[in-house]
Amino acid sequence: MTVRAAADAFLDSLRNPNTVRSYSTGVGKTAERIGEARPLGSVADDEIGEALELLWGTAAVNTWNACRAAVLSWLGWCELYGYDGPAVPAWTKRLAVPDSETSARSKMAVDRLIARREVHLREKTLWRMLYETAGRSEEILGVNIEDLDLATRRCPVRAKGARSKARLRGQAREDFVLETVYWDAGTARLLPRLLRGRTRGPVFVTHRRPGPGKVVSPRDVCPDTGLARLSYGQARALLDEHTAVRGPGTGWDLHEYRHSALTHLGEQGASLLMLMAKFRHKKPENVRRYFHPSAEAIAEVTSLLAPGDARR
């Protein structure tokens, strides 16, 4: 079997279109680099390693890990099905993912921004809900009024990477597994004012109806007002408008609310297990990556090491 035939057979065996799209880059470029017409069994392990180094040796850590994983999966599949071929050499190791560069804002900065008079009620509610739920922006923007449980201050969201509960004749269904996010008094005070009697449709909507040439899903339009769901791009631009100090694009990022909430809860002594439950992380290292304690918090915990009763 040639390198190209082995690559095509592997990609054809994948069922998830997102996986095919992701793996096609790593597998396809590696196959081109080592020679698509060559017999797979004639390729040496070190040739695979050299191809990975030449193609992605200077790329970002996540890119290197993703492409290496794609090639590793491809060659492992070939071995499983009895095709003679190389393996990914041990010296091309998976790299440790660096800490997130997204900063964490202080609680005072978050409160002051939301309290500003010129900020519209919609933005106040969105930012406070992002902070208190520690939800991802797409999750919170995708919430409908029917999903809200105002009495218990919670609602289900379709989480990042959520999988469908069942498949029907090879097609994914729309009943995706949902996860629950929780908010507190700040969001609870703002939500009723924002909804103003609306009982269905998107929670966060634009101020104008979509133009006649724009196609919008029925779920993304308020049936009572005709207003469309606020998009991620629009929400990001609104936050940047209120926080940029050195021109457009220099303001806060929506994801900073999630990182800030994690950091503040961690500084208050929340346990690792509780942080993982609140932020719905499956791995402890993800919590560590996003935890950015302030200098004041580190100084406070350092004071515990003071001798005798010297601590003040």
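No experiment lies behind these values; they were computed from the predicted model shown.

Asks: Account for the overall build of the protein chain, naming residues and giving values.
Replies: Within the protein chain, the regular secondary structure consists of 13 helices and four strands. Scaling as 2.2 N^0.38, a compact globule of 312 residues should have a C-alpha radius of gyration of about 20 Å, whereas the protein chain reaches 25 Å, well beyond that. Considered along the principal axes of its C-alpha atoms, the protein chain spans approximately 70 × 70 × 40 Å. Counting every position in the protein chain, which comprises 312 residues, the buried fraction comes to 38%. Across the protein chain, contacts joining residues at least 24 apart in sequence account for 64% of those joining residues at least 6 apart. Entry remark: accessible area of the protein chain is about 18500 Å², with carbon and sulfur atoms responsible for 52%. Between the mean site of the 48 positive side-chain charges and the mean site of the 37 negative ones, the protein chain shows a separation of 7 Å.

Asks: Pulling in residues and values, what's your account of the packing of aromatic side chains?
Replies: Scanning the entire structure with this criterion turns up five aromatic pairs. Centre to centre, the rings of F10 and Y23 are 6.1 Å apart; their planes meet at 15°, and the pair counts as stacked. Within this pair, whereas F10 is found in helix α1 (residues 3-13), its partner Y23 is found in helix α2 (residues 17-34), the two being separated by 13 residues in sequence. With 5.9 Å between their ring centres and 45° between their planes, W77 and Y83 make a pair best called tilted. Owing to a relative accessible area of 14%, W77 belongs among the buried residues under this scheme.

Asks: Could you give an account of the packing of helix α3 (residues 45-56) against helix α4 (residues 61-80), with specific residues and numbers?
Replies: The angle between the axes and the distance between the axes are what describe a pair of packed helices. Interaxial distance between α3 and α4 falls to 10 Å at its minimum, and their mutual angle equals 150°. Put simply, α3 runs roughly antiparallel to α4. Between α3 and α4 lies a crossing whose hand is right-handed. Touching I48, L52, E53 and W56 of α3 are T63, W64, C67, R68, V71 and L75, all from α4. Along the lines of polarity and charge, the residues of the contact of α3 with α4 split into seven nonpolar, one polar and two charged.

Asks: Break down the pairing of strand β1 (residues 154-157) for me, with residues and values.
Replies: Residues of β1 alternate between two faces, with C155 and V157 buried on one and R154 and P156 left unburied on the opposite face. The pairing of β1 with strand β4 (residues 179-182) spans four bridges and is classified as antiparallel. Bridge pairing in β4 places P156 opposite T180.

Rules of the game
Residues numbered from 1 in each chain as written. Predicted model: local features only at pLDDT ≥ 70, side-chain atom pairs only at ≥ 80, totals over all residues. Heavy atoms only, no water. Helix = DSSP H or I, 4+ residues; strand = E, 2+ residues; numbered from the N terminus. Rg over C-alpha atoms; globule rule 2.2 N^0.38 Å. Buried < 20%, exposed > 50% of the residue type's maximum accessible area, 1.4 Å probe, protein only. Contact = heavy atoms within 4.5 Å. Areas by Shrake-Rupley, 256 points an atom, 1.4 Å probe, with all protein chains shown as cover. Lys, Arg positive; Asp, Glu negative; His and termini not counted. Charge placed at Lys NZ, Arg CZ, Asp CG, Glu CD. Phe/Tyr/Trp six-rings, centres within 6.5 Å; stacked < 30°, edge-to-face > 60°. Axes fitted to C-alpha atoms, helices over the stretch in contact; angles between N-to-C directions. Parallel < 35°, antiparallel > 145°, perpendicular 65-115°, else oblique. Left-handed = near helix turned anticlockwise from the far one by under 90°. Nonpolar A, V, L, I, M, F, W, Y, C, P; charged D, E, K, R; others polar. Pairing = 2+ DSSP bridges.

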